[in-house]
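Observations on the model geometry
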Amino acid sequence: MSPQSRPMRSAVFFGLTASAVILAAMSVRDARQSGTDLTKRSDRSVAAASQGTQRHLAARTGQEADTLREPPAAHRQGSPHLASPYYTDQIIVAPARGQSLAGVARHLGGTIERTPGRSGYGVVRLPAGTSVADALGQVQAAGLIDGAAPNGRMVGAGKPKTPPLKGPQRFQWHRKAARMRAKQQGAPVADLSEWVVAVLDTGVAYEQYADDDHTYVPAGSLSGSAIVAPYDFVNDDAHANDDHQHGTHIASVIASSDDGAVLGQLEGMAPGASLMPIKVLDENNVGSEFALMEAIYHAVDNEADVINMSLSFHPDYVPSVALNEALEAASRAGILMVAASGNDGLGAATWPAASPLVVGVGSASPTNDKNELVAAHYSNLAPSVDIVAPGGSLDADLNEDGQIDGILGQTIRLNHPEEMGYWFYAGTSQAAAVVSGALVQLLETGATPSVARNALLLGAADDVGDRWSSGTGAGSLNLDESLKLIEDEDEALVYEGRLHVAVMPDQLHHVLEAGI
């Protein structure tokens, strides 16, 4: 959408905690199962809790400007992976009507880093000595912009373990921990190729290709997946190849299929699902807010069914209007979005998992009891986390399978896309990938996206702490139970998510008492 045709937005965007309707639906279901009479409370409403809202200010003509927004106070501990939430020499800009990005760059004495994309925003690189705050103030005062903001920085939310393991499916404990049905654990499964999962990451090893820097080889375990509309928003070309390691591992957890190939001995959560590789993170596993929002629009335009974002911004990052517009576009298109809550061990989820439009996923790891999970020590847990799923741990073998409790996947050696192997990773990135694959399985039943999301949360097990108040959302992924809810046409699934409330732990009882 061009800057001229982009609709004006309200000055304040309210981010409301996702899936509070599921909480109320749970209360109805649980009460029904226990024989509680709900008729006496049927007319009681669920009120939004203002303390739980997230806000950001729009840099729009005649409105409160992005230059005025202040990031939140630092959290208990900083992000271990980024020194700053934003690039210090870049801003994202939507030129005002009649203005151009070149004109904005000239006014600042900078250069165009990226031309305006599908979002209507471009990136201007600032000259030495000009701060982001000064640049935003200058272009706002000069009336050159319709919108502008700092360019946020994000990273992949997973940690690898070396050396790579040359091993088979017996170390994929996460599939059983996600309560996959027996028929999905080895027997032939349904053809999932009609479902397209956009993997927004460091790229995917999906093709034999060579450029000036690398030779790329495809992952054998992904050879059963069709590749749809790949794109690289880091290098701005159509070859979304992985030059890090993270993205291929995520794709492997989602869609690997055992096709008998030498390196095709794994089963993903949604074996053979089609993949849309979209590169938004570079060889150092770092990317920009601009690349993310353009990637989301690319997934919308090319009709993805699920968008997996195993990445996170700095805990102090404040989302721009531009990113929220992209997320809104994907939501309106009926795309299920999944994101990692972050690996900072904080009581707050990072963006984009914190968005109410996204399924925010925390991580769980095994315990000494092979049938139980526990919230991972590194996982961000918060009211905005919707569910936890197996993400693993690299410092123990509590399930006693002879290997560390990481999530096994196929991927390249770090920064060596010509070498393929099996690697353990642990993180909320891997947990998000597990959930994305589970959502494909739910969509395969014929469920609508909203019903699939509701079933995902309603079917969750409460084995990782008190639901919601512990920051673990609905609980831990239980795919078998979620499938049963759809098969049984549970009436709780009909709630289409039109009701959203911001839920804080001390306000949960109000929601649960209200019913629907």
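Residues numbered from 1 in each chain as written. Predicted model: local features only at pLDDT ≥ 70, side-chain atom pairs only at ≥ 80, totals over all residues. Heavy atoms only, no water.

Each helix and strand counted, the protein chain has 11 helices and 21 strands in total. When burial is assessed residue by residue, the protein chain has 60% of its 516 residues classed as buried. Sequence-distant contacts, at least 24 apart, represent 78% of the contacts inside the protein chain between residues at least 6 apart. Carbon and sulfur atoms make up 50% of the accessible area of the protein chain, which totals about 19100 Å². (Helix = DSSP H or I, 4+ residues; strand = E, 2+ residues; numbered from the N terminus. Buried < 20%, exposed > 50% of the residue type's maximum accessible area, 1.4 Å probe, protein only. Contact = heavy atoms within 4.5 Å. Areas by Shrake-Rupley, 256 points an atom, 1.4 Å probe, with all protein chains shown as cover.)

Summing up the model confidence of the protein chain, the mean pLDDT is 80 and the portion of residues at 70 or higher is 75%. Residue range residues 1-80 is modelled with pLDDT below 50. Its contacts to residues more than four positions away, or to other chains, number 203 contacts. (pLDDT = per-residue confidence, 0-100.)

Turning our eyes to something else, we now look at the nonpolar core. Val361, Ile387, Val435, Leu456 and Leu477 are the most contacted members of the largest nonpolar core, which totals 70 residues. A per-element tally of this core places helix α8 (residues 428-443) first, with 10 residues. Leaving out residues up to four positions away in the same chain, Leu477 has contacts with Ala177, Ala178, Arg179, Met269, Ile387, Val388, Ala389, Val434, Ala438 and Leu456. Core analysis: the second largest hydrophobic core is formed by 44 residues, Val280, Tyr297, Ala326 and Met337 among them. (Core = buried A, V, L, I, M, F, W, Y, C linked by side-chain atoms within 4.5 Å.)

Turning next to the environment of Ala295. Looking at where Ala295 falls in the secondary structure, it is placed in helix α6 (residues 289-301). Residue class for Ala295 comes out buried when judged on its relative accessible area of 0%. In the structure, Ala295 is positioned 95 residues away from Leu200 in sequence and 7.0 Å away in space, judged by C-alpha atoms. Among all residues touching Ala295, those that are not within four sequence positions of it are Leu200, Phe233, Ile278 and Val280.

Look at the link from Trp351 to Pro352: it is a cis peptide, with omega at 5°. Residue Asn285 is not a glycine yet carries a positive backbone phi of 70°. Under the relative-accessibility criterion, Asn285 is labelled buried at 9%.

A separate point is helix α7 (residues 321-332). Taking 1.5 Å per residue as the helical rise, α7 with its 12 residues ought to reach 16 Å, and the 16 Å between its terminal C-alpha atoms agrees with that figure. Burial of α7 is extensive: 10 of the 12 residues sit out of reach of the surface. Within the span of α7, buried status applies to Val321, Ala322, Leu323, Asn324, Glu325, Ala326, Leu327, Glu328, Ala329 and Ala330. One or two residues past the end of α7 sits Gly334, with phi positive at roughly 80°. (Expected span 1.5 Å × (residues − 1).)

Moving on, we get to the pairing of strand β6 (residues 145-156). Within a regular strand, side chains alternate between the sheet's two faces. Among the 12 residues that make up β6, 11 are buried, leaving the element largely enclosed by the rest of the structure. Pairing of strand β3 (residues 86-95) with β6 involves 6 bridges; the strand directions are antiparallel. Along β6, the bridge assignment pairs Ile92 with Ala149. In this structure, β6 lies alongside strand β13 (residues 286-288), joined through 3 bridges in antiparallel fashion. Each bridged residue has a counterpart across the sheet, and for Arg153 the counterpart in β13 is Ser288. (Pairing = 2+ DSSP bridges.)

Under the counting rule described, the total for this entry stands at 4 aromatic pairs. Here Tyr86 and Tyr317 contribute two aromatic rings whose centre-to-centre distance is 5.8 Å and whose plane-to-plane angle is 45°, an arrangement assigned as tilted. Here Tyr86 is found in strand β3, whereas its partner Tyr317 is found in the loop between β15 (311-313) and α7, with 231 residues between them in sequence. Note that Arg153 overlies the ring of Tyr87, its terminal NZ or CZ placed 5.2 Å from the centroid. (Phe/Tyr/Trp six-rings, centres within 6.5 Å; stacked < 30°, edge-to-face > 60°. Lys NZ or Arg CZ within 6 Å of the ring centre and 35° of its normal.)

We now examine the packing of α6 against α7. Where α6 contacts α7, the axes come no closer than 9 Å and their chain directions differ by 20°. Accordingly, the angle class assigned to the pair α6 and α7 is roughly parallel. As for the relative orientation of α6 and α7, their crossing is left-handed in sense. For the pair formed by α6 and α7, the contact residues are Glu289, Leu292, Met293, Ile296, Tyr297 and Val300 on the first element and Ala322, Leu323, Glu325, Ala326, Leu327, Ala329 and Ala330 on the second. Here the contact of α6 with α7 is composed, by residue class, of 11 nonpolar, no polar and 2 charged. (Axes fitted to C-alpha atoms, helices over the stretch in contact; angles between N-to-C directions. Parallel < 35°, antiparallel > 145°, perpendicular 65-115°, else oblique. Left-handed = near helix turned anticlockwise from the far one by under 90°. Nonpolar A, V, L, I, M, F, W, Y, C, P; charged D, E, K, R; others polar.)

On to the pattern of salt bridges, then. Here the structure, examined in full by the defined rule, presents 11 salt bridges. Of the charged contacts, one joins Glu487 and Arg181 as a salt bridge, the two residues approaching to 2.7 Å between their closest N and O atoms. One end of the pair, Glu487, is in helix α10 (residues 479-487); the other, Arg181, is in the loop between α4 (173-177) and β8 (196-201), and 306 residues separate them in sequence. Looking at Arg181, the relative accessible area reads 16%, which means it is buried. The salt bridge partner of Arg453 is Asp386, with a shortest N-O separation of 4.0 Å. Of the two residues, Arg453 sits in helix α9 (residues 449-458) while Asp386 sits in the loop between β18 (373-375) and β19 (387-390), which places them 67 residues apart along the sequence. Given a relative accessible area of 13%, Arg453 falls into the buried group. Overall, the relative accessible area of 0% leaves Asp386 in the buried class. Residues joined by salt bridges that share partners form a network here, namely Arg181, Asp480, Lys484 and Glu487. (Salt bridge = Lys/Arg side-chain N within 4 Å of Asp/Glu carboxyl O.)

Between its terminal C-alpha atoms α6 stretches 19 Å, which fits the 18 Å expected from 13 residues at 1.5 Å a residue. In terms of burial, α6 is a largely internal element, 12 of the 13 residues being buried. Taken together, the buried positions of α6 are occupied by Glu289, Phe290, Ala291, Leu292, Met293, Glu294, Ala295, Ile296, Tyr297, His298, Ala299 and Val300. Where α6 terminates, the next one or two residues include Glu303, which has phi positive at roughly 60°.

The next subject is the packing of helix α5 (residues 246-255) against α8. Put simply, α5 and α8 touch, their axes get as near as 8 Å, and they point 35° apart. Between α5 and α8 lies a crossing whose hand is right-handed. Seen from α5, the contacting residues are His246, His249, Ile250, Val253 and Ile254; seen from α8, they are Ser429, Gln430, Ala433, Val434, Ser436 and Gly437. A per-class count over the contact of α5 with α8 returns 5 nonpolar, 6 polar and no charged.

Moving on, we get to the pairing of strand β20 (residues 407-413). In terms of residue burial, β20 counts as a mostly covered element, since 6 of its 7 residues are buried. The sheet contact formed by β20 and strand β21 (residues 416-426) spans 7 bridges and is antiparallel. Along β21, the bridge assignment pairs Leu408 with Phe424. Adjacent in sequence and paired antiparallel, β20 and β21 are bridged by 2 residues, among which Asn415 carries a positive phi angle near 60°.

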